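Structural overview
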Amino acid sequence: MRLEAAARMDIIKKLWRARKLILVVLIPLSLLPLPLIHPTSEACCAYVLIVTAVYWVSEAVPLGAAALVPAFLYPLFGVLKSSEVAAEYCKDTTLLLMGVICLAASIEKWNLHKRIALRMVMVAGAKPGMLVLGFMCCTAFLSMWLSNTSTTAMVMPIAEAVLQQLISTGVADAQEDSETVEAPEDDCFSDKEENRQQNQLELLSRRGSSVNPELCTVTETVEPNGTGRKASKVSQGQMSFKQTNGHRPSTAISISESRKDNKEARYPTKRDHMICKCLSLSITYAATVGGLITITGTSTNLIFAEQFNNRYPDAKVINFGTWFIFSFPIAIIMLLLTWVWLHFLFLGCNFRETCSFSKKRKTRREILSETRIHEEYVKLGPISYPEVVTGVFFILMTLLWFTREPGFVPGWTSLFEKKGYRTDATVSVLLGFLLFLIPARRPFSRAPGTPARESPAETDPDPLAPMITWNDFQRLMPWEIVILVGGGYALAAGCKVSGLSMWIGRQLEPMSGLPPWMVALLACLLVSAVTEFASNPATLTVFLPILSALSETLQINPLYTLIPSTMCVSFGVMLPVGNPPNAIVFSYGHVQISDMVKAGFGVNLIGVMVVMLAIMTWGVPLFNLTEFPDWAVARNITGNV
């Protein structure tokens, strides 16, 4: 009997190990009767859509590989020609993304992101509440222009250095945490005091020796060419993840028992642990909120913009400016409410104690935290010439995006005779291209006899070395996301040509009695629930055609359902596997899954409520949501014909 049980267990283990391969084979075979029994364009398109969606949700194959399924199944079933499918995989947003990645590569290469983050935290101060708010603000700002994953990976090592200083300070004398001392005028502590802090840190390491020593290890390396490129490595037990540029990572999470049993050895007091939890979670939530503000902030925004412009080419309502005007108040409100929620959950309700702006009396720990942040900032040295150039390009790109077609006044595109040829991608690619040409060394050499601290660019043997190289661009370019977005466009084109979207719309006609806000709310709740377990881009790619058809059937402005759904799909923040920023923060070991679920549920509700408030108030006049627009009427008539 034991041998038979062992054999059965061995078979089960082998099947579980091969579950993805089994799923890849069984799903297409089990659904094959659909196009065989009903050999219509709608049935064939539905077959391709379901197979691709299952592959995306289950991640049986990589997301980018699954996005290639329409490229060969549509021509095989006669839905679209191969050339027509191929054209869907490279759109205007692909060029927009490439230009933004060029700027992001320059920001990261020359450490401009680190300078911005440290400066904002120095302004906020070291009071726990203000420290959390400062990190949230700088994270949200960086996430507007960089991917959520990159931003979290950049900011977390800075936050971890502050938290480790906080922990090491309280190991030997946690009782002094509540005592206050007068803020010193000069340097805070002598060398003797610094040695004592180092001994306390070593004591902490010995006390936590039973925990995985790499639990909170963050290493920063500098490339041999001196570019200052930062590589952060975080390892924790059996957990590993690969950055996947905005969608759910392949994550294997295992919480070791030693980590649970030795938490008390890691934190001098429970309050220290709560501060670590609050600060860690605030960074991943702020990255998510910041990504909502700009069209390029996260991949789901790009997917929405391209699919909307593809489906409704006559609608000239979605651009960088209109999206920013709508989403910026949402981000501000969400950021403040999320901060209040995390403060209440982990730090309590005493905002006066944790958020005081007074600098006359500070606790010992606050002084040490401020000292550590200031030391990190001093290490960056004076602002360098490449940082100035990157900052100028950053401001210039933003201004050109805003002023292209602001709506209330003529934009700079009105200076050209031919209209409609220039988009946000034109600006993005132009400035990104210039970064490959402009030398990283200042044009005029320093005068003799004026020694100064040279930047890495000035020590480069090549005087004409550009701001970024192709390797810098290649390192950050999310090609998997490009293919994933292209797969979504291909699916949308197939649904349009085959008539599947209209068929879906007719099946949803019973919902015509619901008011528009109720339809939008149901869509928000649905995508928020699904995205907790599926990748954000895949979820949105599946739902956008359905919601578009539903809006056309119910004769409501498609933006009323599409914009809230696009924003709410980013609120998969309750689990470590919900998105890569969650996985990065979880890997540092300060939070448990129960903490993420509890805090993430509140953030999810806050997000849905704020988005619904926006779409029902300032979104109405901005997008004229009270009327069924002409561009949607034309699309509806064309689809019916």
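The following refers to the structure shown. (Residues numbered from 1 in each chain as written. Predicted model: local features only at pLDDT ≥ 70, side-chain atom pairs only at ≥ 80, totals over all residues. Heavy atoms only, no water.)

**Some words on the environment of Ile22**
Inspection of the secondary structure assignment puts Ile22 in helix H2 (residues 19-31). Here the alpha-carbon distance between Ile22 and Ala60, two residues 38 residues apart in the chain, equals 9.0 Å. (Helix = DSSP H or I, 4+ residues; strand = E, 2+ residues; numbered from the N terminus.)

**Let's talk about the packing of aromatic side chains**
Following the criterion strictly, the structure yields 16 aromatic pairs and no others. Ring centres 5.1 Å apart and planes at 65° place the aromatic pair Tyr312 and Trp631 in the edge-to-face group. Here the residue Tyr312 occupies a position in the loop between helix H16 (299-311) and helix H17 (320-347), and Trp631 occupies one in helix H31 (residues 630-640), the gap between them amounting to 319 residues. For Trp631, a relative accessible area of 14% gives the class buried. (Phe/Tyr/Trp six-rings, centres within 6.5 Å; stacked < 30°, edge-to-face > 60°. Buried < 20%, exposed > 50% of the residue type's maximum accessible area, 1.4 Å probe, protein only.)

**Remarks on the side chain of Arg422**
Checked against the element boundaries, Arg422 lands in the loop between helix H20 (385-404) and helix H21 (424-435). Ignoring sequence-local partners within four residues, the contact set of Arg422 consists of Arg404, Trp412, Thr413 and Phe416. (Contact = heavy atoms within 4.5 Å.)

**Examining helix H6 (residues 69-77)**
Those residues of H6 that sit buried are Val69, Pro70, Leu73 and Tyr74. Taken end-on, H6 shows its buried residues confined to a sector of 100°, consistent with a single buried face. Immediately downstream of H6, the backbone of Gly78 shows phi near 75°, a positive value. (Arc of directions from axis to C-beta.)

**Focus on H21**
For H21, spanning 12 residues, the distance from its first C-alpha to its last is 17 Å, which sits close to the expected 16 Å at 1.5 Å a residue. Considered for burial, the residues of H21 that qualify are Asp424, Ala425, Val427, Ser428, Leu431, Gly432 and Leu435. Angularly, the buried residues of H21 cover 160° about the axis, an arc narrow enough to put them on a single face. Looking at the buried positions of H21, the neighbouring elements they touch are helix H8 (92-109), H17 and H20. (Expected span 1.5 Å × (residues − 1).)

**Quick word on the environment of Thr139**
Position of Thr139 relative to the elements: it lies in helix H10 (residues 128-143). By relative accessible area, which is 0% here, Thr139 ends up buried. Sequence separation of Thr139 and Ile116 is 23 residues, and the distance between their C-alpha atoms is 9.6 Å. Beyond its immediate stretch of four places on either side in the chain, Thr139 contacts Thr151, Val155, Ile283, Ala286 and Ala287. Among the polar contacts listed, one links the side chain of Thr139 to the backbone oxygen of Phe135, at a separation of 2.6 Å. (Polar contact = N/O pair within 3.5 Å; in protein donor to acceptor, adjacent residues only side chain to side chain.)

**Notes on the packing of helix H26 (residues 536-554) against helix H27 (residues 559-568)**
For the pair H26 and H27, interaxial distance at closest approach is 9 Å and the crossing angle is 160°. In terms of orientation, H26 lies roughly antiparallel with respect to H27. Read as a crossing pair, H26 and H27 show a hand that is right-handed. Every residue of H27 that contacts H26 at Leu540, Leu544, Leu547, Ser548 and Ser551 is listed here: Thr561, Leu562, Ser565 and Thr566. (Axes fitted to C-alpha atoms, helices over the stretch in contact; angles between N-to-C directions. Parallel < 35°, antiparallel > 145°, perpendicular 65-115°, else oblique. Left-handed = near helix turned anticlockwise from the far one by under 90°.)

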